[in-house]
Amino acid sequence: MMVPRKALAGLAALLMATPAAAIEGQRAVFPALSGQESARLIIHAATDLEAMRPLILDFQDTAPDLAVDVTDYVTNDLFREAQLACSDKAGSGDILLSSSVDQLVRLANDGCAQPHKPLPTSRIKEWANWRDEVFGFTFEPVVFVYDRSRVPAEDVPDSHEALADLLRRNPLRYHGRIGTYDIEASGVGYLLAFNDSRQAPTTYGRLIESVSRAAPVIRCCNNEVLGEISNGGVRIAYNVLGSYAYAAARLNPNLGIVVPRDYTLILSRGAMIPKAATNPALGQRFLDYLLSERGRAVAREKSFFFAEDRPMPPGVDGPDDLMTSGVGRPIRIGPSLLAAQDDIQRRHFIGDWKRLIRNDVKR
């Protein structure tokens, strides 16, 4: 007998943390909507469970006999777990999802992925597919977030250069009030910083120097950085994924979002079917859903909020069309990301960052 969706959604919610309490490493099980589980999809992810919930529940509408078991990690932990699974030293998910697409590309390059031919109806951008092994399924600009109640309008930066200048002009006002990723702890934080350094090396150098003088608040994850703004500890955060920023702003009208006008990195969250998947067919079925028009519509309306072919969400300060304006700079999923994953280069980049962010402390 079909179990009412409302009851199952409530049960799933009980198994999951609320957005404010969500922590990486947690597990959530979504029971089969039919009440009779015929199979179970295993998802290993480095993404917010609350963002994935609408997608999972809608996918189950297309497959009511499937249960979905999700474990959410921080990006670096997911990567290490996937490496172990690839060498038969740990269990694997049927699909991996990660904002650190460079880590997925490295896994694929190391022979840890299964290829999948997407459905003809899937509309995948050329820059968001590598060898039919790593696919991008979101469109997420990297933004600035600020506290409207504590940052005067004339101080709101509209570019990376403007943020660097603001911190030089007002060192006391923003001392200890700037937040960003800990790029050593966060794979996606490292990916964004690395791409900033490649996109605009001079601007990146000036910005990271200005931030270091401001005694920045360094946190592992998007939600922790956004939490620091909500509790008054931080006034401006940079390199925040727009999807997380917009979800937080819907709950807190004091949060303002700016899409930088000089350039805006665009991240497409990655999906990969691992070589060690127990049931790769289920992983492929979910991947096809994520890449479908239906899945993209749910992602746009309920989960990640931004889309390449849609205007900017209401209240976001930025050009309506990131790509035609020339502001959007997609992080291409492909072999160029292997440079970011080169062990020596990564170690040097993080070491230089730690020396510049001299007020950083271990948390």
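Residues numbered from 1 in each chain as written. Predicted model: local features only at pLDDT ≥ 70, side-chain atom pairs only at ≥ 80, totals over all residues. Heavy atoms only, no water.

Undergrad: Quick rundown of the overall build of the chain? Include the residues and the values.
TA: Scanning the chain for helices and strands turns up 13 helices and 15 strands. In terms of overall dimensions, the chain is globule-like: its C-alpha atoms have a radius of gyration of 20 Å, near the 21 Å expected for 363 residues. Projected onto its principal axes, the C-alpha coordinates of the chain cover approximately 65 × 45 × 40 Å. A separation threshold of at least 6 residues defines the contact pool for the chain, and within that pool the share at least 24 residues apart is 80%. (Helix = DSSP H or I, 4+ residues; strand = E, 2+ residues; numbered from the N terminus. Rg over C-alpha atoms; globule rule 2.2 N^0.38 Å. Contact = heavy atoms within 4.5 Å.)

Undergrad: An account of the pattern of salt bridges is needed here, citing residue identities and associated values.
TA: Between side chains of opposite charge, a pair can form as their charged atoms come close. Scanning all chains against the criterion turns up 26 salt bridges. Between Asp-58 and Arg-294 there is a salt bridge, and its shortest N-O distance comes to 2.9 Å. Of the two residues, Asp-58 is situated in helix 2 (residues 49-62) and Arg-294 in helix 11 (residues 293-303); the sequence distance between them amounts to 236 residues. Here Asp-132 makes a salt bridge to Lys-117, at a shortest N to O gap of 3.5 Å. With Asp-132 in the loop between strand 6 (129-130) and strand 7 (134-136) and Lys-117 in the loop between strand 5 (113-114) and strand 6, this residue pair connects regions lying 15 residues apart in the sequence. The exposure class assigned to Lys-117 is exposed, which follows from its relative accessible area of 67%. Each of Arg-27, Glu-37, Arg-40 and Asp-69 takes part in a single network of salt bridges with overlapping partners. (Salt bridge = Lys/Arg side-chain N within 4 Å of Asp/Glu carboxyl O. Buried < 20%, exposed > 50% of the residue type's maximum accessible area, 1.4 Å probe, protein only.)

Undergrad: So what's going on with the environment of Gly-270? Which residues, and what values?
TA: Secondary-structure assignment places Gly-270 in strand 14 (residues 270-274). Exposure remark for Gly-270: the relative accessible area of 0% places this residue in the buried category. When the C-alpha positions of Gly-270 and Ala-46 are compared, they lie 9.8 Å apart, and in sequence the two are 224 residues distant. Apart from residues no more than four positions distant in its own chain, Gly-270 is found in contact with Leu-96, Leu-97, Ser-98, Val-101, Leu-104, Phe-135, Gly-136 and Phe-137.

Undergrad: Let's hear about the environment of Glu-209: which residues, and what values?
TA: By secondary structure assignment, the location of Glu-209 is in helix 7 (residues 201-213). A residue is classified by how much of its surface remains accessible, and Glu-209, at 30% relative accessible area, is partly exposed. Taking C-alpha positions, Glu-209 is 6.4 Å from Leu-356, a pair spaced 147 residues apart along the chain.

Undergrad: Run through empty space enclosed by the protein, naming residues and quoting values.
TA: According to the stated counting rule, one finds six cavities of 30 Å³ or more in the structure shown. Each pocket or cavity is described by its volume, and for the second largest cavity that value is around 80 Å³. Residue lining of the second largest cavity: 16 residues in total, with Ala-82, Ala-85, Ser-92, Leu-96 and Pro-274 positioned closest to the centre. Elements with a contribution of two residues or more to the lining of the second largest cavity: helix 3 (75-86) and strand 14. (1 Å grid on protein atoms, 1.4 Å probe; cavity = no way out; pocket = protein on both sides within 12 Å on 5 of 7 lines; lining within 4 Å. Points joined across faces, edges and corners; volume = space filled by probe spheres on them.)

Undergrad: Run through the state of the cysteines, naming residues and quoting values.
TA: Counted under the stated rule, the structure contains two disulfides. With its sulfur 2.1 Å from that of its partner, Cys-86 forms a disulfide with Cys-112. Here the S-S torsion is close to -90 degrees, and the disulfide linking Cys-86 with Cys-112 is therefore left-handed. Within this pair, whereas Cys-86 is found in helix 3, its partner Cys-112 is found in the loop between helix 4 (101-109) and strand 5, the two being separated by 26 residues in sequence. For the residue pair Cys-86 and Cys-112, the accessibility class agrees, reading buried in each case. A sulfur-sulfur distance of 2.1 Å marks the disulfide that ties Cys-220 to Cys-221. (Disulfide = S-S within 2.5 Å.)

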